[in-house]
Amino acid sequence: MKLATVVLMCGVLVTPALADLIHTQHFANLTEVQAHILGGLDFVARGDTQELRITRADPPGSAAAPVGPWNNGVPHAFKVVYNAGGIAGISIDELYTVQVPVTINPATNGLLITAFVDGAGRGVTLANLRITLPGFIVHEVGDLAGAPPTDFMLVDTSLPLVDGFILSGTVQFNWTGSLPPPAEQWFEVAPVVIPEPATFLLLAGGALSGLRRRS
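Remember, predicted model here, so these are calculated numbers, not experimental data.

Basis of the calculations
Numbering of residues starts from 1 in each chain and follows the order in which that chain's sequence is written. Local features are withheld for residues below a pLDDT of 70 in this predicted model, meaning they are given only at 70 or higher, and side-chain atom pairs are given and counted only at 80 or more; totals for whole chains, interfaces and linings count all residues. Water and hydrogen atoms play no part in the side-chain values, which are based on all heavy atoms of the structure. By definition, any uninterrupted DSSP run of H or I lasting at least four residues is a helix, any uninterrupted run of E lasting at least two residues is a strand, and each is numbered from the N terminus. In what follows, residue pairs with any heavy atoms lying within 4.5 Å of each other are defined as contacts. All accessible areas in this document rest on Shrake-Rupley with a 1.4 Å probe, and a residue is counted as covered only by the protein chains that are shown. The quantity called pLDDT is the predictor's confidence in a given residue, expressed from 0 to 100. Only strands that DSSP links by at least two bridges are regarded as paired with each other. Where helices are involved, their axes are fitted lines through C-alpha atoms of the stretch in contact, as for all axes, and angles between N-to-C directions lie from 0 to 180°. Counting of polar contacts relies on pairs of N or O atoms within 3.5 Å, with two restrictions inside protein: one atom must be capable of donating a hydrogen and the other of accepting it, and residues adjacent in sequence are counted only when both atoms are side-chain atoms. For each residue, the accessible area found with a 1.4 Å probe, counting protein chains only, is set against the maximum for its type, and the residue is called buried under 20%, exposed over 50%, and partly exposed in between.

### Considering the overall build of the chain
- Each helix and strand counted, the chain has two helices and 15 strands in total.
- A sequence separation of at least 24 residues applies to 74% of the contacts in the chain between residues at least 6 apart.
- Surface accessibility of the chain: about 10100 Å² in total, with carbon and sulfur atoms responsible for 60%.

### With respect to the confidence of the model for the chain
- Residues with a pLDDT of 70 or more make up 82% of the chain, whose mean pLDDT is 86.
- Confidence over residues 4-19 falls short of pLDDT 50; this stretch has 39 contacts with residues more than four positions distant or in other chains.
- Below pLDDT 50 for its whole length, residues 198-215 participates in five contacts with residues either more than four positions away or in separate chains.

### Quick notes on the sheet that holds strand β9 (residues 110-117)
- One open sheet holds the seven strands; their spatial order is β2-β13-β9-β15-β3-β4-β5, and the pairing between them is antiparallel. Of all strands in the sheet, those bounded by a partner on one side alone are β2 (22-27) and β5 (61-66). Averaged over all adjacent pairs, the angle separating strand axes in this sheet is 15 degrees, with direction ignored.
- With six bridges connecting them, strand β4 (residues 51-56) and β5 associate as antiparallel partners. Its bridge partner lying in β5, Glu-51 is registered against Pro-66.

### Quick word on the environment of Phe-173
- Following the sequence through the fold, Phe-173 ends up in strand β14 (residues 164-174).
- Taking C-alpha positions, Phe-173 is 6.8 Å from Thr-125, a pair spaced 48 residues apart along the chain.
- Each residue touching Phe-173, except ones within four places of it in the same chain, is listed here: Gly-47, Asp-48, Thr-49, Trp-70, Asn-71, Asn-72, Gly-73, Gly-123, Val-124, Gln-185, Trp-186 and Phe-187.

### Notes on the side chain of Asn-83
- Tracing the backbone shows Asn-83 in strand β6 (residues 76-83).
- Of note is the side chain of Asn-83, whose polar atom sits 2.5 Å from the backbone nitrogen of Gly-85.

### Observations concerning the environment of Asn-109
- Looking at the secondary structure, you find Asn-109 in the loop between β8 (96-101) and β9.
- Asn-109 sits in the buried class, given a relative accessible area of 11%.
- As for Asn-109 and Glu-196, which are separated by 87 residues in sequence, their C-alpha atoms are 9.8 Å apart.

### As for the environment of Pro-191
- Within the secondary structure, Pro-191 sits in strand β15 (residues 185-192).
- For Pro-191, a relative accessible area of 2% gives the class buried.
- For the pair Pro-191 and Leu-112, spaced 79 residues apart in sequence, the C-alpha to C-alpha distance is 6.3 Å.
- Discounting residues that sit within four places of it in the chain, Pro-191 has contacts with Leu-41, Asp-42, Phe-43, Ile-104, Thr-108, Gly-110 and Leu-111.

As structure tokens, this is what we get:
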């Protein structure tokens, strides 16, 4: 069974990325991202020049599979899938797939998409991004992630991600010379919890109270 069918079993309905459904922000480092999310990452789906990997936070664990040859400058289709029954997976071109049992926070309302390269003449671009929900209801993200420099793209959405989702699109690796080692060219996708504005105010209030107590 293809990875997409883990979540979706019926027809397709494409909807636009409505302003009240999907918002994106870009950050330069993980520290900035962590100021906008609550808790850790329940799982991280990673693709690099050597393998696909899912890393699970609780209980700690991971699964990996080798990925076939990349084509310099050629987009490849990718999918990151979460099944509400407790399976996360990642695939490239429907040919290379890795899956692992996971549980995500019921409050999950965002996705963190990271593009990373280290070294000159290299690039990673994730484009044509869309979120597909059960019932094949598709929402266009309307933005892209790319490196260099390292790009942390935070997708904030009111879509019910905990019920299952597919994040799909194309990923393109560019390089000069030989294919870079996996630690130097990769992309990642992870579900996250983004506080509501009221929660941000509460957190800020707590921080201010702490400052007052220390003064």
